[in-house]
Amino acid sequence: IRHLTTDLEDKEDTDWVDIENHRLLRAIVAALRGRGTKCTFQKMDIEHSTGMQKANTIATQGLQDEPDDVLNVDIPQGYKVTGMKLSKGTQRTFYKALKARRKRPVREKTKQMLSRAREAATLLGGRTPTDAEIWKSLYHPDITRKTRDFLWRCMHQAYKVGTYWLNIPTYEHYAECRHCHVDDTLEHILLECDAPGREKMWSLAQQLWEMKGYSWPEVSLGGILACGFAGVHDASGKKDSGADRLFRILISETAHQIWKTRCTRVIDNGSNPEKYPSEHEVHNKWLACINERLRSDFILTDKLKFENRALNLKMVLNTWKNVLDGDTNLPAVSLRESRLLVGIAPLRPPGRNR
């Protein structure tokens with residue numbers, strides 16, 4: 001409503017920068033101006049207004065139309081308002097306006113990954129997200145910064161694995177997993193490789209998740225990329241926001257940990273079987289990663305230190321409920337200061353006095 005009334009002049013002066021569906025709004029403004037008479041708007045009671053009921057009926061009918069129907073948003077030449085006023089623009093708005101006008105190249109590999117993420121997100125959250133929503137989900141606040149970067153690169157298939165090496169003379173052998181002797185794709189690395197580490201870490205994630213009281217789903221590459229859309233419901237059908245958050249943490253952190261383990265094995269150690277990590281090492285590194293995330297969560301609940309950026313204590317408690325080792329009925333300060341651990345014990349290597 002504000003875009004079409006009080007904010008209209010400002011939006012047109014800044015070329016509708018950062019306004020979603022600006023093409024539709026421009027068309028609406030042009031249609032209103034084309035009426036040739038004064039237009040007035042009236043705020044109506046949603047519950048008892050006949051006009052609102054008619055509007056809802058029309059909107060519902062529009063949702064039921066065939067997907068092939070294309071909405072005409074063409075603007076007559078005499079009503080086009082384009083460009084940005086120099087007096088209204090800033091370096092940020094000018095940059096965004098120029099970037100919006102530039103045609104971005106379509107990367108087929110990215111489109112493929114977006115499609116896989118969209119399919120998985122539909123199964124996880126119950127609805128089909130747009131491309132913009134998928135990209136935004138990669139920056140979910142429950143996902144750490146380094147893991148966000150990892151997921152973003154996975155979405156673009158930007159890592160130098162698999163077929164990337166086939167186009168580089170004398171490096172073609174890097175396209176194959178030296179342990180399994182198959183194409184070393186991202187999906188193989190995260191979900192299929194038999195080298196030590198991958199299977200163990202997913203089994204630990206499953207073990208911790210089942211302590212929460214839910215069954216472990218089948219993990220796919222699309223599901224890893226779409227973990228931000230997790231929608232977990234309890235037995236009564238009520239959404240469990242704490243379980244949602246734990247699921248996002250487990251999926252994203254485990255996938256990232258598997259990738260780091262693989263890079264150490266292949267790049268640092270040259271796929272030397274003698275330098276493969278032991279089961280104890282894999283177990284304890286994954287556990288250290290999750291415990292560090294656990295401790296970070298409780299530290300970030302300190303409102304005196306982090307103010308508005310502090311995490312909600314109730315949300316954090318709901319996230320780690322039933323998966324902590326020992327008694328959790330402690331004051332918030334004690335939780336932040338204690339050495340909290342999840343309910344999976346670290347492994348000690350065999351040997352005397354170990």
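As annotated in an unreviewed UniProt entry, the chain is Reverse transcriptase zinc-binding domain-containing protein from Roridomyces roridus.

A few words on the pattern of salt bridges. Going through the model one piece at a time under the given rule, you end up with 22 salt bridges. Between Lys200 and Glu279 there is a salt bridge whose closest N-O contact spans 3.4 Å. Separated by 79 residues along the polypeptide, Lys200 in helix α9 (residues 198-211) and Glu279 in helix α12 (residues 279-299) bring together distant segments of the chain. The closest approach of N and O atoms between Lys239 and Asp244, which form a salt bridge, is 3.7 Å. For Lys239, a relative accessible area of 53% corresponds to the exposed category. Its relative accessible area of 3% is what places Asp244 among the buried residues. A cluster of three or more residues bridged by salt bridges with shared partners is formed by Asp142, Arg245, Arg248, Glu253, Arg293 and Asp297.

Considering the arrangement of structural elements, one finds Asp244 in helix α11 (residues 241-268). There is a polar contact of 2.5 Å between the side chain of Asp244 and the backbone nitrogen of Val232.

Where α9 meets α12, the closest approach of the two axes is 10 Å, and the angle between their N-to-C directions is 45 degrees. For the element pair α9 / α12, the angle class is oblique. Every pair of crossing elements has a handedness; the one defined by α9 and α12 is right-handed. Contact residues: Lys200, Met201, Leu204, Ala205 and Leu208 in α9; Glu279, Val282, His283, Trp286 and Ile290 in α12. Its residues assigned to classes, the contact of α9 with α12 shows 7 nonpolar, 1 polar and 2 charged.

Even without glycine at this site, Gln157 takes up a positive phi of about 50 degrees. Tracing the backbone through its elements, the reader meets Gln157 in the loop between α7 (145-156) and α8 (186-192). Here Gln157 falls in the partly exposed class, since its relative accessible area comes to 29%. Phi at His181 is positive, roughly 60 degrees, even though this residue is not glycine.

Moving on to the packing of α12 against helix α14 (residues 313-320). Where α12 contacts α14, the axes come no closer than 10 Å and their chain directions differ by 155 degrees. By the criterion of interaxial angle, the relationship of α12 to α14 is roughly antiparallel. Handedness of the α12/α14 crossing: left-handed. Side by side, α12 and α14 meet where Ile290, Arg293, Leu294, Asp297 and Phe298 of the first sit next to Leu313, Val316, Leu317 and Trp320 of the second. Among the residues making up the contact of α12 with α14, the classes are represented as 7 nonpolar, no polar and 2 charged.

This brings us to the nonpolar core. Leu190, Trp202, Trp209, Trp259, Trp286 and Trp320 are the most contacted members of the largest nonpolar core, which has 58 residues in total. Breaking this core down by element, the ones donating at least two residues are α5 (108-125), α7, α8, α9, α10 (221-225), α11, α12 and α14. In terms of residue count, α11 provides more of this core than any other element does, 10 residues in total. Setting aside chain neighbours within four positions, we find Trp259 in contact with Phe150, Tyr159, Val161, Leu186, Ile189 and Leu190. Core analysis: the next-biggest nonpolar cluster, separate from the first, contains 6 residues, Leu8, Trp16, Ile19 and Leu25 among them.

Turning our eyes to something else, we now look at the environment of Ile75. Tracing the backbone shows Ile75 in the loop between α3 (50-63) and α4 (91-101). Considered as a pair, Ile75 and Arg92 are 17 residues apart in the sequence and their alpha carbons are 27 Å apart. Sequence-distant contacts of Ile75, defined by excluding residues within four places in its chain, comprise Arg26, Ala27, Ala30 and Lys80.

Definitions and limits used
- Residues numbered from 1 in each chain as written.
- Predicted model: local features only at pLDDT ≥ 70, side-chain atom pairs only at ≥ 80, totals over all residues.
- Heavy atoms only, no water.
- Salt bridge = Lys/Arg side-chain N within 4 Å of Asp/Glu carboxyl O.
- Helix = DSSP H or I, 4+ residues; strand = E, 2+ residues; numbered from the N terminus.
- Buried < 20%, exposed > 50% of the residue type's maximum accessible area, 1.4 Å probe, protein only.
- Polar contact = N/O pair within 3.5 Å; in protein donor to acceptor, adjacent residues only side chain to side chain.
- Axes fitted to C-alpha atoms, helices over the stretch in contact; angles between N-to-C directions.
- Parallel < 35°, antiparallel > 145°, perpendicular 65-115°, else oblique.
- Left-handed = near helix turned anticlockwise from the far one by under 90°.
- Contact = heavy atoms within 4.5 Å.
- Nonpolar A, V, L, I, M, F, W, Y, C, P; charged D, E, K, R; others polar.
- Core = buried A, V, L, I, M, F, W, Y, C linked by side-chain atoms within 4.5 Å.

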